[in-house]
Amino acid sequence: MRAIQVTRHGGPDVLTFGSVDDPIPAPDEVIVRTSAVGVNFIDTYLRRGLYPSTPPYVPGTEGAGVIVATGSEVTSLQEGQRVAWCAAPGSYAELVAVPASKAVRVPDAIDDAVAGSSLLRGLTAHYLLDGSAHPQAGDPILVHAGGGGVGLILTQLAKRRGLTVITTVSSDEKEELSRSAGADHVLRYGEDLSSRVRDLTDGRGVPVVYDGVGADTFEQSLASTAIRGMVVLFGAASGPVPPFDLQRLNPAGSLSVTRPTLAHFTDTAEELDWRAGEYFEAIVDGDVEVRVGQRYRLADAAAAHADLEARVTTGTTVLLPAG
Ligand code: NDP
């Protein structure tokens, strides 16, 4: 089959396109012919070596397609079924071995590009709102990178739950997108961000900040958080947050900081199915519209990574193996 490989740690140019052996299913796996492959920020962290990985390897964890073979112990899925997943290493390929417990059936109303480029972000948005924190209807929240992949979905799911959403963005185009996703207030990054958040919240700040930007925004996130509130640091798009003195949380308002990861909120098939079911339902209901902002051929994965890291993408990014 044809696939992308990370040949060594480095920039987007270390992604090469070529032939590798077809995967053989383990007893608990299915083999899927991919029709859409999701590109996520974590793929770039692994490629650069910021998160541990050992080249050469086929990158990617997310996609959608049709099952073409099943392992000997798989009883829950069959050949011909359409599934999506976001925990199968080696997804930048025409064929992927997916653990059956990590594959979810996709409703007919949702196409492969949407499912295959947004399941990871949709599940993330779901657990951020109902897992690592539990903001209640009427609460204001701050969401950084509101025009990005997670940001747009998180905003729409938060509005479905009756929250007031304040976002940050870097450009007019992203501001427009964030507003159309339902953001109540859209702000620009900067040193006065926290005072603007406090102006919008009667001086109190927000009970929950969702920060996937990291190094560049963390200080403003702390300063925007209400007494007894929580900063959910869920990513590092601008780089990791430097070592931090926990004592600072005391005068800042008895704050909490958490650094969650999706795997710990989908580690049983029941929890994965529940979160995926609610996410897909929100799409089918029309409350979440997934913007597939960029489409590339599988062979052009390097361009997809370069664009994601250059902050020029909006919504989700998909690689098309047949494109
Ligand atoms: P996005 O589409 O949101 O892209 C990242 C956005 O971050 C950019 O569009 C940009 O928006 C903003 N940004 C701010 N500073 C920078 C910078 N220096 N370089 C690049 N981008 C910057 O990406 P994803 O939807 O894939 O992921 C969003 C975040 O969520 C990432 O940090 C990712 O790692 C994290 N994540 C965490 C998970 C978890 O379970 N912990 C699971 C899934 C994703 P703007 O230009 O408006 O600032």
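Computed from a prediction, not measured in an experiment: that's the story for all the values here.

A few words now on the sheet that holds strand β9 (residues 164-169). Strand order in this open sheet of six strands is β10-β9-β8-β11-β12-β13, and the pairing throughout is parallel. One side of each edge strand has no neighbouring strand; the edge strands of this open sheet are β10 (185-188) and β13 (256-258). Sheet twist, expressed as the average angle between the axes of neighbouring strands with direction ignored, equals 20°. Pairing of strand β11 (residues 206-211) with strand β12 (residues 225-233) involves five bridges; the strand directions are parallel. By the bridge assignment, V206 is partnered in β12 with T225. The strands that helix α4 (residues 172-180) touches are β9 and β10; relative to β9, the one it contacts most, it runs at about 165°.

This paragraph deals with the site of the ligand. As a matter of local geometry, the ligand sits amid 29 residues, with G148, G149, S170, G212 and G235 nearest to it. Those elements that provide at least two residues to the shell around the ligand are α1 (41-48), α2 (112-129) and α3 (149-160). Composition of the shell around the ligand by domain shows at least three residues from each of domain 1 (2-119 + 269-320) and domain 2 (132-259).

This paragraph deals with the nonpolar core. In terms of nonpolar packing, the biggest core is built from 96 residues, with V83, W85, L128, I141, L154, Y210 and V232 touching the most fellow members. No other element matches the ten residues that α2 contributes to this core. Taken domain by domain, this core gets at least three of its residues from each of domain 1 (2-119 + 269-320) and domain 2 (132-259). Excluding residues within four positions of it along the chain, V232 makes contact with L128, S132, A133, V208, V209, Y210, D211, T258 and P260.

Bringing α2 into the picture now. Taking 1.5 Å of rise per residue, the 18 residues of α2 would be expected to cover 26 Å, and the 25 Å separating its terminal C-alpha atoms lies within 8% of that figure. Within α2, the axis deviates most sharply at S118, by approximately 55°. Most of α2 is tucked away, with 18 of its 18 residues classed as buried.

Take the UniProt feature "domain: Enoyl reductase (ER)" (unreviewed entry) in the protein chain next. Summarizing the sequence annotation, UniProt attributes the feature "domain: Enoyl reductase (ER)" (unreviewed entry) to residues 10-319 in the numbering used throughout. Along residues 10-319, the helical share is 28% and the strand share 25%, with 20 Å between the first and last C-alpha atoms.

A cis amide bond, omega 0°, links P55 with the succeeding residue P56. Topologically, P56 is positioned in the loop between α1 and β4 (63-70). The phi dihedral of A145 falls on the positive side, at around 55°, and the residue is not glycine. Checked against the element boundaries, A145 lands in the loop between β8 (140-143) and α3. Of note, the phi angle at S254 is positive, near 50°, even though the residue is not glycine. Given 10 C-beta atoms within 10 Å, S254 falls into the exposed group.

Domain parsing of the protein chain yields domain 1 (2-119 + 269-320) and domain 2 (132-259). Opposite the eleven residues of domain 1 that make contact, domain 2 presents 13 residues. Among the residues forming the side of domain 1 that touches domain 2, the class breakdown is four nonpolar, four polar and three charged.

Those residues of α1 lying buried are F41, D43, T44, L46 and R47. On the buried face of α1, the contacting elements are β1 (2-6), β3 (29-39) and α8 (301-309). Remark: G49 follows α1 within two positions and exhibits a positive phi of approximately 90°.

Here is what the cut-offs are and how they apply
- Along every chain, residues carry numbers that run from 1 in the direction the sequence is written.
- Thresholds applied to this predicted model are a pLDDT of at least 70 for local features of residues and 80 or more for the giving and counting of side-chain atom pairs; totals over whole chains, interfaces and linings are not thresholded and use all residues.
- Two strands pair if DSSP finds at least two bridges between them.
- Only DSSP runs of H or I covering at least 4 residues are called helices, and only runs of E covering at least 2 are called strands; the numbering of each starts at the N terminus.
- To obtain each axis, a line is fitted to C-alpha atoms, and for helices this fit is confined to the stretch in contact; angles are then taken between N-to-C directions over 0 to 180 degrees.
- Think of it this way: build a C-beta for each residue from its backbone, and any pair within 7 Å is a contact.
- As used in this record, a residue near a molecule or strand is one whose C-beta atom, placed from the backbone, is within 6 Å of it.
- Residue ranges assigned to each domain were obtained from an automatic or database domain assignment.
- Think of a nonpolar core as buried Ala, Val, Leu, Ile, Met, Phe, Trp, Tyr and Cys residues, each tied to the set through C-beta atoms within 7 Å.
- Neighbour density around each residue's C-beta defines its exposure: 20 or more other C-beta atoms within 10 Å make it buried, 12 or fewer make it exposed, and counts between make it partly exposed, where C-beta atoms are placed from the backbone.
- In this scheme, a helix's expected span is set at 1.5 Å multiplied by one less than its residue total.
- Here the bend at a residue means the angle between the axes of two seven-residue stretches, the one that ends at it and the one that starts at it.
- UniProt positions are given in the numbering used here, feature names are shortened, and annotations may be inferred rather than shown by experiment.
- All amino acids are sorted into three groups, where Ala, Val, Leu, Ile, Met, Phe, Trp, Tyr, Cys and Pro are nonpolar, Asp, Glu, Lys and Arg are charged, and the leftover types, Gly among them, are polar.

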